[in-house]
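What follows is each chain in one-letter form.
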Amino acid sequence: MNLWDRFQLSISLLALWSTLTLATTGEIRLSLMASALALPPLAYLLRRPLRRVPWWIWDLAVLLVFVRLMPVVRQNLLNATVYFFISLQCIRLLSFRRLSDAYSIYVVSFFQVFAAALLTTSPAFGLAFLGYLLLLVRSLLLHSSLVTVLRALKRTRAARETSPPLRRTSDLELIQAVTEEQTGGSLLRPTLVLGAIILALSVVFFVLVPRLSTRRVLQTLGPPPPSEMSSAFDENIELGKVGTIQLDTSVALYVKPLDEVQHPSAVRLRGVALDTFDGKRWQRTSWASYREPFGMFCLRPYPLRKSMIIQPANTSKFLFGETFPFNLLSFDFQQAVLVDHSAGVAWLPYPPTKELHYTVVSRIEDLESRDDPEHYSRPSSRQRRTVAQAQSSRTDQATSDPVAAAFRIISREFELVAEKLTPSNDSQQTRRHFRHYPADVAATRVTPDYLFPPYREACLRIPEELNKNALLQLAREITRGAKNPYEQALAIESYLRRNYQYSLELADPGTKNPVEHFLFESRRGHCEYYATAMAMLLRALEIPCRVVNGYYSTEWNNLAGMFTVRQRDAHSWVEVFFDGYGWMTFDPTPPGALQRPVNMNPILLAFTRYYDALKMRWYRAVIDFSIQDQRLVAHGVFAAVFAIGDTLGSLRFESGAGSITEELATAGNALVAGVAILFLLIVLVVILRRRLHRRSRGRRGLHVRRSHEIPRFYAEILSALRRRGYIREPSETPLEFATRVAKTEPLRPFHDITVWYYGFKYGGVNLPKEAHEAMAQLRENLRKRNK
Amino acid sequence: MLLLILVVGYGAINSGTNLVYYLFSFLASAFLAHGIVSPRNLDHLQVRRRLPRRVVAGSCEQIFIEIENRRRWWGAHSLLAEDYASRQGSPQVVGSCPVLHVPARGNKVSAYPTLHPLFKRRGVVTFHEVVVRSRFPFGFIERSLHVPAPADVLVLPPIFQISEPLFTLLGLDGDLAAVRRGGSGDLYGLREYVQGEPAKRIHWRTTARAQKLMVTEFEHEERQRVILYLPTTARHVSDELLNDFEHAVIVAASFSAYLIKTGYDVGLLTDSSFVEPAGGEQHVERLLRALALVEIGTESSRLPTMPHIRDCRVFVLTYSNDEGHLPSDLVAAKVDARDWQIRGTDLIRSVSS
């Protein structure tokens, strides 16, 4: 294969690979992808007949594509650009006959990879990029060789006065004039070495480049939001739906704790909070929702972070976070996030069509270590005054826009809550979750202690079709002896856990309401029934509460250090509001029912976990790499340098003048000590390398393997002789010099060696084996004598 | 490339996407990697030039450039060797040849043809240096290695084949034949037939055996001595005259080679030099070297000493109508001179045809 064919093959592979990289995002139309993937091999196979097509036909084709795509530009610029570049790449591959054609293919292929980087966060991109890097390096190396050949040939032709002027398609003709030996040699080694260098350097750059983000322009290039879609976790969910979801074993999302010292035994992910129940379905009342432009929807950051990867199998538009309102970090969704502060939920304008990655900060509420809200101190007088002001201003503000007014009030209430509320007793249980924060911050509650009246009303409403008296009677029976709402809630939770049986197979309620059927007759049901029943009993006791849908998973992946959350982990529980405290989580479902073993082939399960681990590392090291991580790396480097200094400081090298390192340590210049050690190490490595080099040369010296080594050997012999005082006079020929030197017995072979060398150097004579050995032996003898 | 880096950098900042940051890092690294690797590609290279044994003006010879890589591990890639030479002005590239791969501890030879205009005219061409250029690995920046390699090469005048009709046209056929007519005696040897020789001297039996025309030579045949006189002084030197002079030099070279092949001893006389008549291939080379260095001038000089000029036939090559007379010294010597009043250009046309 000649140089040009090698280059064309490499370019075709590059185009194919970049298109494949873009195809992995799943964002480009399949028909276009199929043609874009089929064309590079086709263009390579048909390269000879295609060269006969006039060049202007291809240029015309580019123009036609451009005109055809003009209307698409108005609809979606990103798509139109992608389509245009893919078409351009196809045309350039088909018309490939000039080196300049390669430039457009480089640009287009890079643009495809660039677009893929914008559209995906999958680890498959990492692998695809690695392949792209190697192919690009190889293509550029071949390109460089071809440019060299072309420059030489063009110069030679230009020097010939009789040569015809160069025509447009002359590159190929010129290259074909290249002899077979000019194939450029093997480029595998330079490709791999350069690829490794670039990869290593780009990792360093990646870590060091300051992270800035404006999100101004590219936001507008994204696809328009589709119409509202219904999903499993919606703001309007029918009773029993969660039970259906629990039959699905596909992965919904991954959760990686980032701050916990030890991984928790389970993760509870809060999705949507539903406040209104009509007897058959739960709904979320939209009290206040607004668009947060940058994906932030909490007023304060909270201590514990978790990395979340929502999978496409999860069709919910709600964002999941742990237990209570949270903060989003490194959110990769280009659109704004909708937020309802009263419900403490956030969601996207439409469900994600691809994998979605974000980090959520939240406070974990441990159900086993809950504390009575009564133990918390009441708000200060100033806080109460602010609340009163908020309440008084509510009426005025609600006149113009009730939703906006409600939001303003709620946000002010959040500001109140964000102030420190010190618990009356030192709650060790609460504090043990937090690693880096003092007790007062750890105890900061994240929910408002004041409930907006219309929302409170919604959280107390019992549907008319339910028998309120029966509910109240049962609730009173259960909560007999309870002193306050908290104890009442605990009693109901405990009662349901103990006296009801968990089952996904439900008996037909007939004409009866499913909740009443569950409470009074069947006593069998799944989490949704448990949660609804508890909510109704609490509401009968005039305790505001709501049902929360989300996930509860215990599937821990040791390799990845994360939870795998499947659809079947869908779960419902209850949040109860206590005045002066806020919302608290209660889960009436028996804990045993939440332990669900994975029924999967062990080999497949192991493979899946390895893949998940890889995926999580990719997200942690690349996708989620933030300015905080940059700081951590910088701290790590400095810490390492100072650790070297400290280690040095801890050693004691006693000398006559006292401890050497003591002086350094007392001077506080550990950094200098570290650098000094590094320098010494480098010097040591250089010395060792030289020694090894000499040794290897010495070993090789016993036999001269290649003919081109002979002049070097001869020069070394001359050099060794010079060191022993045998210097050739300017008037002496080498042979005269050899005759003089050979008079000394040990150096007698030097004469013969010189004669052989004459033959080799000037007569083109191959040296016999004994000549090689004699040279090596003499050089070795001279070296030993010099020592 | 820098523009692309800036665009991607802007894209990274704008989108805040880490993968775009990575692409930005990749581009910057590629640029940096080029900066690191590029100079290393030219380290420890030894460059040598091998000139051909003889270069004839207008012919295509190969000049070899040998590059030796003394690195232990890494090969050298995508090298372009450019050879710089001049006659009088500033050095210019006379040839370039690609060397795509030189293995570690190995060497590679590449060659370029002598097609540059500098080699189209006889005379001395002075080589200055070989410049090895490389854009390895990615072609962003070019690096070069300048290797001084001074050398001179003498470009000889070309030799055209003398056609028989021209020979007859000049009236030489009969004249030369008459010289040889009296020759007889023992057979000295056989040699290849040269165009213009009488057909009777062809030895047909040997010709049949050798599949080419062979002629006989006799022992006692006296070798005739011929001197070609090429005037090198003119009243004024014009471009046209220089052109004609060049053609006259080519005619002189062609005729001397032809005459020597047919058995004559040929000498060369110019206004500043004299080459003794002699025969043989080596003498042809000597004459060509002398002709390669001949230059026309306006200052007249004394003719050099010509010891045996009376035994020679002298042919005067005039290349311009203005120069149609013999120098006075030559006339005084009463040489048997024959003046060819044929302009060099016409002669060359006839010769070429």
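Residues numbered from 1 in each chain as written. Chains lettered and ligands numbered in written order. Predicted model: local features only at pLDDT ≥ 70, side-chain atom pairs only at ≥ 80, totals over all residues. Heavy atoms only, no water.

Peer 1: I would appreciate a short explanation of the overall build of chain A in the present structure.
Peer 2: Helices and strands together make up the secondary structure of chain A, namely 27 helices and 21 strands. Within chain A, the fraction of its 787 residues that count as buried is 52%. Taking all contacts inside chain A whose residues are at least 6 apart in sequence as the whole, residues at least 24 apart take part in 76%. Carbon and sulfur atoms make up 59% of the accessible area of chain A, which amounts to about 37,900 Å² in all. (Helix = DSSP H or I, 4+ residues; strand = E, 2+ residues; numbered from the N terminus. Buried < 20%, exposed > 50% of the residue type's maximum accessible area, 1.4 Å probe, protein only. Contact = heavy atoms within 4.5 Å. Areas by Shrake-Rupley, 256 points an atom, 1.4 Å probe, with all protein chains shown as cover.)

Peer 1: Would you explain the overall build of chain B in this entry?
Peer 2: Within chain B, the secondary structure is distributed over 9 helices and 15 strands. The buried share of chain B, taken over its 353 residues, is 52%. In chain B, the share of contacts with a sequence separation of at least 24, taken over all contacts with a separation of at least 6, comes to 69%. Within the structure as shown, chain B displays about 16,500 Å² of accessible surface, and the carbon and sulfur contribution to it stands at 53%.

Peer 1: Looking at this structure, I do not really get the pairing of strand S3 (residues 267-274) of chain A. What am I missing?
Peer 2: Here is the key point about a regular strand: its side chains alternate between the two faces of the sheet. Residue and element names in this part refer to chain A. With 8 of 8 residues buried, S3 is to be regarded as a mostly interior element. Where S3 lies against strand S15 (residues 545-553), 7 bridges are found, and the strand directions are antiparallel. In the sheet register, Arg 268 faces S15, and the bridge partner there is Tyr 552. (Pairing = 2+ DSSP bridges.)

Peer 1: So what exactly am I meant to see when it comes to the sheet that holds strand S4 (residues 76-86) of chain B here?
Peer 2: Neighbouring strands of a sheet are bound in pairs by backbone hydrogen bonds; such pairs are parallel or else antiparallel. Residue and element names in this part refer to chain B. With mixed pairing, 5 strands are arranged side by side in an open sheet as S2-S8-S7-S4-S5. Whereas interior strands pair on both sides, the edge strands pair on one side only; in this sheet they are strand S2 (55-56) and strand S5 (92-102). As defined by bridge partners, S2 adjoins strand S8 (residues 143-156) across 2 bridges and the pair is classed as parallel. Note that in S8 the partner of Val 56 across the bridge is Leu 156.

Peer 1: Quick question: what am I supposed to make of the packing of aromatic side chains here?
Peer 2: Each aromatic ring pair is summarised here by two numbers: the centre-to-centre distance and the angle between the ring planes. For the structure on display, the rule yields 28 aromatic pairs over all chains. Plain terms: the ring middles of Phe 7 of chain A and Phe 96 of chain A are 5.9 Å apart, the flat faces sit at 45° to each other, and that makes the pair tilted. Taken together, the positions of Phe 7 of chain A in helix H1 (residues 3-23) and Phe 96 of chain A in the loop between helix H5 (77-94) and helix H6 (99-119) put the pair 89 residues apart, joining distant regions of the chain. An identical accessibility class is assigned to Phe 7 of chain A and Phe 96 of chain A; each is buried. Between Arg 189 of chain A and the ring centre of Trp 74 of chain B, over which it is positioned, the NZ or CZ distance is 4.6 Å. Here Arg 268 of chain A stacks its cationic end above the ring of Trp 573 of chain A, 4.9 Å away from the centre of that ring. (Phe/Tyr/Trp six-rings, centres within 6.5 Å; stacked < 30°, edge-to-face > 60°. Lys NZ or Arg CZ within 6 Å of the ring centre and 35° of its normal.)

Peer 1: What should I look at first to understand the confidence of the model for chain B in this one?
Peer 2: Reading fine detail from the predicted coordinates is not recommended where pLDDT is low. All names here are of chain B. Summing up the model confidence of chain B, the mean pLDDT is 77 and the portion of residues at 70 or higher is 76%. Taken as a whole, residues 177-183 scores under 50 in pLDDT and shows 11 contacts with residues more than four places along the chain or in a different chain. Predicted as a complex, the structure gets a pTM of 0.55 and an ipTM equal to 0.72. (pLDDT = per-residue confidence, 0-100.)

Peer 1: How should I be thinking about the interface of chain A and chain B in this particular structure?
Peer 2: For an interface, size is often stated in terms of accessible area lost upon the parts coming together. Listed by partner, the interface residues are 65 residues for chain A and 55 residues for chain B. Both sides of the chain A and chain B interface together cover about 5,200 Å² of buried area, and 67% of this is carbon and sulfur. Our enumeration of links across chain A and chain B arrives at 1 salt bridge. Here Arg 151 of chain A and Glu 142 of chain B are joined by a salt bridge, their closest N and O atoms 2.6 Å apart. The interface formed by chain A and chain B includes 7 residue pairs in polar contact (both at pLDDT 80 or more). Broken down by secondary-structure element, the contributors of at least two residues to the side of chain A that touches chain B are H6, helix H7 (124-159), helix H9 (188-208), helix H20 (602-623) and helix H23 (670-700) of chain A. (Buried area = accessible area lost by both parts, 1.4 Å probe. Salt bridge = Lys/Arg side-chain N within 4 Å of Asp/Glu carboxyl O. Polar contact = N/O pair within 3.5 Å; in protein donor to acceptor, adjacent residues only side chain to side chain.)

Peer 1: Just to check I follow, could you spell out the packing of helix H18 (residues 514-522) of chain A against helix H19 (residues 527-540) of chain A for this structure?
Peer 2: Each pair of packed helices can be described by the angle between their axes along with the distance between the axes. Residue and element names in this part refer to chain A. Contact geometry for H18 and H19: axes closest at 10 Å, N-to-C directions at 90°. The pairing of H18 with H19 is recorded here as roughly perpendicular in orientation. Residues Pro 514, Val 515, Phe 518 and Leu 519 of H18 form the contact with H19, whose participating residues are Tyr 529, Tyr 530, Thr 532, Ala 533, Met 536 and Leu 537. (Axes fitted to C-alpha atoms, helices over the stretch in contact; angles between N-to-C directions. Parallel < 35°, antiparallel > 145°, perpendicular 65-115°, else oblique.)

Peer 1: Whenever I open this one, the pattern of salt bridges confuses me. Can you help?
Peer 2: Pairing is possible between side chains that carry opposite charge, provided their charged atoms lie close to one another. As enumerated under the stated definition, the model contains 21 salt bridges over all chains in all. In this structure, Glu 66 of chain B and Arg 48 of chain B form a salt bridge, with 3.4 Å as the shortest nitrogen-oxygen distance. Taken together, the residues Glu 66 of chain B in strand S3 (residues 62-69) and Arg 48 of chain B in strand S1 (residues 45-50) connect sequence positions 18 residues apart. You can call Glu 66 of chain B buried: its relative accessible area is 11%. When salt bridges with common partners are traced through the structure, they connect Arg 151 of chain A together with Glu 82, Arg 133, Arg 135 and Glu 142 of chain B into a single cluster.

Peer 1: Please clarify how the nonpolar core should be interpreted in this entry.
Peer 2: Inside soluble globular proteins, nonpolar side chains tend to come together where they are buried. Residue and element names in this part refer to chain A. Phe 7, Leu 22 and Ile 86 are the most contacted members of the largest nonpolar core, which totals 85 residues. Among the elements that take part in this core, H6 stands out by supplying 14 residues, more than any other. With sequence-adjacent residues up to four places away left out, Ile 86 is seen in contact with Leu 22, Ile 28, Leu 32, Met 33, Ala 36, Val 108 and Gln 112. Listed in part, the 45 residues of the second largest apolar core include Leu 471, Tyr 529, Leu 538 and Leu 541. (Core = buried A, V, L, I, M, F, W, Y, C linked by side-chain atoms within 4.5 Å.)

Peer 1: What's the story with the environment of Lys 468 of chain A in this structure? I'm lost.
Peer 2: Note that Lys 468 of chain A resides in helix H16 (residues 468-478). On a C-alpha basis, the gap between Lys 468 of chain A and Arg 539 of chain A in space is 9.5 Å, while along the polypeptide they are 71 residues apart.

Peer 1: Please clarify how the environment of Gly 267 of chain B should be interpreted in this entry.
Peer 2: Residue and element names in this part refer to chain B. If you trace the backbone, Gly 267 turns up in strand S12 (residues 265-270). Take Gly 267: its relative accessible area is 0%, and that puts it in the buried class. C-alpha separation for the pair Gly 267 and Ile 227, spaced 40 residues apart in sequence, amounts to 4.4 Å. Setting aside residues no more than four positions away along its own chain, Gly 267 makes contact with Val 226, Ile 227, Leu 228, Val 275, Glu 276, Pro 277 and Leu 287.

Peer 1: Can you walk me through helix H2 (residues 30-45) of chain A in this structure?
Peer 2: All names here are of chain A. Across its 16 residues, H2 extends 23 Å between first and last C-alpha, which sits within 8% of the 22 Å expected from 1.5 Å per residue. Considering bend angle alone, the principal kink of H2 is centred on Leu 39 and spans about 30°; proline Pro 40 follows within four residues of it. For H2, the complete set of buried residues consists of Leu 32, Met 33, Ala 36, Leu 39, Pro 40, Ala 43 and Tyr 44. (Expected span 1.5 Å × (residues − 1). Bend = angle between axes of the 7 residues up to and from the residue.)

Peer 1: What exactly am I supposed to notice about a nonpolar patch on the surface here?
Peer 2: A contiguous nonpolar surface patch, about 900 Å² in accessible area, is contributed by Trp 55, Trp 56, Ile 57, Leu 60, Leu 63, Leu 64, Phe 66, Val 67 and Met 70 of chain A. Here Val 67 of chain A lies in helix H4 (residues 55-75). (Patch = residues over 30% accessible without salt bridge, like charges linked within 9 Å, V, L, I, M, F, W, Y side chains within 5 Å.)

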